[in-house]
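Observations on the three-dimensional arrangement
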Amino acid sequence: MSEAGPSFGPSTRSNIDPFRVMQVLAAAEARRASGDAVFALTAGQPATRAPKPAIDAVHRALDEQVLGYTQAPGLPELRAGIAALYCDRYGLDVDPDAVYLTTGSSSGFILAFLSAFDTGDRVAMARPGYPAYRNALTAFGCELVEFACGPETRFQPTVAMLQQYADDGIDLDGLVLASPANPTGSMLPPAEVDAIARYCGRNGIRLISDEIYHGITYGTVQQACSWASDRTGFVVNSFSKYHSMTGWRIGWLLVPDDLRDRVDALAGNLTICPPAVSQVAALGALQATAECDAHVVRYAANRELLLDGLTAIGIDKVAPPDGAFYLYADISALTPDSSIWAAELLAATGVAVVPGLDFDLTDGHRFIRMCFAGDEAEIRGALAGLRAFVSD
Ligand SMILES: Cc1ncc(COP(=O)(O)O)c(C=O)c1O
């Protein structure tokens, strides 16, 4: 202790970037609170409630159940239900004991990263990419390798990129893959997922395959689960997006055999178990395929509306998304700095979009991300605002 008394300070590891989209959301909320209109293409979440069978199951459970702690990996019947989903969706045989429920996929990433990687391990991901991968890996002391991915590879990594590192004598320990991806919505064709998963399996690169947007696809590319090709990596998934349950914080992992005990111990110690009430809801949600597919039909219509509307006002450097509910548009013809542009757009018109810097610290200033999971009126309003702002 110094004479001035004890000194406190934050850990070095916690010195990570904030999630910038939250700042845009706060600015949009402040505008809404002051009575001005907001057309929000920001938060990556459906505007709809959880599926009806999920809500019904929760009503029953609240009346009849204690809803105490569950086993760390989750309710056995929910693990079995998710294993069955792999059979229905992909024709895959998955052992229910490989399924671990998590508190949103966000805590699944924590379990996957902690169980697979040590401080100093090199983990690759696409740039642009979902910022929480980058920031969580940094907090865990991993060395981040960003693959610069542009429209020529549809913003996705390739086996050639992995091979290039090996040829340069640089060993990678992990790869985070997202198909469909955030912020671009681009997907890897099944043959590419297969090639990457097998390459990683053969070369000791632990694959973390983020499949949380599976189910939300637009027929341009078929979705493929990485476990169809190789099971040395993790599959990460969630009830947040397809099942329209972001706030319920419930997701899952498929855990490779050699890491099950580790994930078990980490999950029990870090969170005890995911919320019991959300597990009950998730069990109901598994019965709601028709309701969830109807949302996807709506997203598909919104996607067309936004693509056409943007093209009409000259924002046409957009790779049409194969899945998820995002458009990543290159607006460098309109501004050198998309963060300033987005702030001015919000102030002038109430249209809220996310600046690309969240997803790409190098080239993100050229891009904005727009989410089209909201309702049609919001998208029409946003297009009108954009048209006025761009033509001003
Ligand atoms: C690519 C991707 N992965 C993971 C997440 C985290 O989702 P959750 O923790 O709600 O499952 C998100 C949220 O937007 C995302 O876009």
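Here the structure is shown first, and the text comes after it.
The text that follows walks through the structure, step by step, so that each part is easy to find. It should be emphasised that the depicted structure is a prediction, and the values quoted were computed from it without experimental measurement.

Check the secondary structure of the chain and you find 12 helices and 12 strands. Taking 21 Å as the expected radius of gyration for a compact globule of 392 residues, we find that the chain reaches 21 Å, a close match to that expectation. The long-range fraction of contacts in the chain, counting pairs at least 24 apart against all pairs at least 6 apart in sequence, stands at 75%. Split by element, the accessible area of the chain, about 16,800 Å² in all, is 53% carbon and sulfur.

Next up on the list: a nonpolar patch on the surface. A cluster of nonpolar side chains, Ile110, Leu114 and Leu270, forms an exposed patch at the surface whose accessible area comes to about 240 Å². Of the residues examined, Leu270 reaches a relative accessible area of 49% and is grouped as partly exposed.

Next up on the list: the site of the ligand. Neighbouring the ligand are 14 residues, the closest being Ser106, Asp210, Tyr213, Ser238 and Ser240. Note that an oxygen atom of the ligand is positioned 2.7 Å from one of the side-chain N or O atoms of Lys241. Here the ligand has 400 Å² of accessible area as a free molecule, and 93% of this is covered by the chains. When residues in the shell around the ligand are grouped by element, the largest group, four residues, is from helix α4 (residues 104–116). In the shell around the ligand, the residues fall into five nonpolar, six polar and three charged.

Turning to the packing of helix α2 (residues 52–64) against helix α9 (residues 276–285), a few remarks are in order. At a closest axis distance of 7 Å, the pairing of α2 and α9 adopts a crossing angle of 140°. It follows that α2 is oblique to α9 by the angle criterion. As α2 runs across α9, the sense of the crossing is right-handed. Every residue of α9 that contacts α2 at Pro53, Ala54, Ala57, Val58, Ala61 and Leu62 is listed here: Val277, Val280, Ala281, Gly284 and Ala285. Its residues assigned to classes, the contact of α2 with α9 comprises 10 nonpolar, one polar and no charged.

Overall, antiparallel pairing links the three strands, which are arranged β9-β12-β11 in an open sheet. Each having just a single partner strand, β9 (326–330) and β11 (354–355) make up the two edges of the open sheet. The pairing of β9 with strand β12 (residues 367–371) spans five bridges and is classified as antiparallel. Each residue of the ladder has a partner; that of Asp330, found in β12, is Phe367.

An ideal rise of 1.5 Å per residue puts 22 Å on 16 residues; helix α12 (residues 376–391) measures up with 23 Å between its terminal C-alpha atoms. By the burial criterion, the buried members of α12 are Ile379, Gly381, Ala382, Leu383, Gly385, Leu386 and Phe389. On its buried face, α12 is in contact with β1 (39–40), α10 (289–312), α11 (338–349), β10 (351–352) and β12.

For side chains of opposite charge, pairing can occur when their charged atoms come near one another. Applying the stated rule across the entire model yields 17 salt bridges. Across the pair Asp360 and Arg127 runs a salt bridge whose closest N-O atoms are separated by 3.0 Å. Of this pair, Asp360 sits in the loop between β11 and β12 while Arg127 sits in strand β3 (residues 122–127), and the two are 233 residues apart along the sequence. Relative accessible area serves as the criterion here: at 10%, Arg127 is assigned to the buried category. The shortest N-O distance in the salt bridge between Arg154 and Asp322 comes to 2.8 Å. Of this pair, Arg154 sits in the loop between β4 (143–148) and α6 (159–167) while Asp322 sits in the loop between α10 and β9; the two residues are 168 residues apart in sequence, bridging distant segments of the chain. With a relative accessible area of 4%, Asp322 lands in the buried category.

What follows is about the pairing of strand β6 (residues 206–210). With five of five residues buried, β6 is to be regarded as a mostly interior element. Alternating residues of β6 divide into Arg206, Ile208 and Asp210 and Leu207 and Ser209, and every residue in both groups is buried. Where strand β5 (residues 174–178) meets β6, five bridges bridge the pair, whose relative direction is parallel. The residue bridging Val176 from the neighbouring strand is Ile208, located in β6. Where the polypeptide runs from β5 across helix α7 (residues 190–202) and back to β6, its parallel neighbour, the crossover connection is right-handed. The pairing of β6 with strand β7 (residues 234–238) spans three bridges and is classified as parallel. When the bridges of β7 are listed, Ile208 appears paired with Phe234.

Here is what the cut-offs are and how they apply
- Residues numbered from 1 in each chain as written.
- Predicted model: local features only at pLDDT ≥ 70, side-chain atom pairs only at ≥ 80, totals over all residues.
- Heavy atoms only, no water.
- Helix = DSSP H or I, 4+ residues; strand = E, 2+ residues; numbered from the N terminus.
- Rg over C-alpha atoms; globule rule 2.2 N^0.38 Å.
- Contact = heavy atoms within 4.5 Å.
- Areas by Shrake-Rupley, 256 points an atom, 1.4 Å probe, with all protein chains shown as cover.
- Patch = residues over 30% accessible without salt bridge, like charges linked within 9 Å, V, L, I, M, F, W, Y side chains within 5 Å.
- Salt bridge = Lys/Arg side-chain N within 4 Å of Asp/Glu carboxyl O.
- Buried < 20%, exposed > 50% of the residue type's maximum accessible area, 1.4 Å probe, protein only.
- Near = heavy atom within 4 Å.
- Polar contact = N/O pair within 3.5 Å; in protein donor to acceptor, adjacent residues only side chain to side chain.
- Nonpolar A, V, L, I, M, F, W, Y, C, P; charged D, E, K, R; others polar.
- Axes fitted to C-alpha atoms, helices over the stretch in contact; angles between N-to-C directions.
- Parallel < 35°, antiparallel > 145°, perpendicular 65-115°, else oblique.
- Left-handed = near helix turned anticlockwise from the far one by under 90°.
- Pairing = 2+ DSSP bridges.
- Expected span 1.5 Å × (residues − 1).
- Right-handed = clockwise from strand over helix to strand, strands pointing away.

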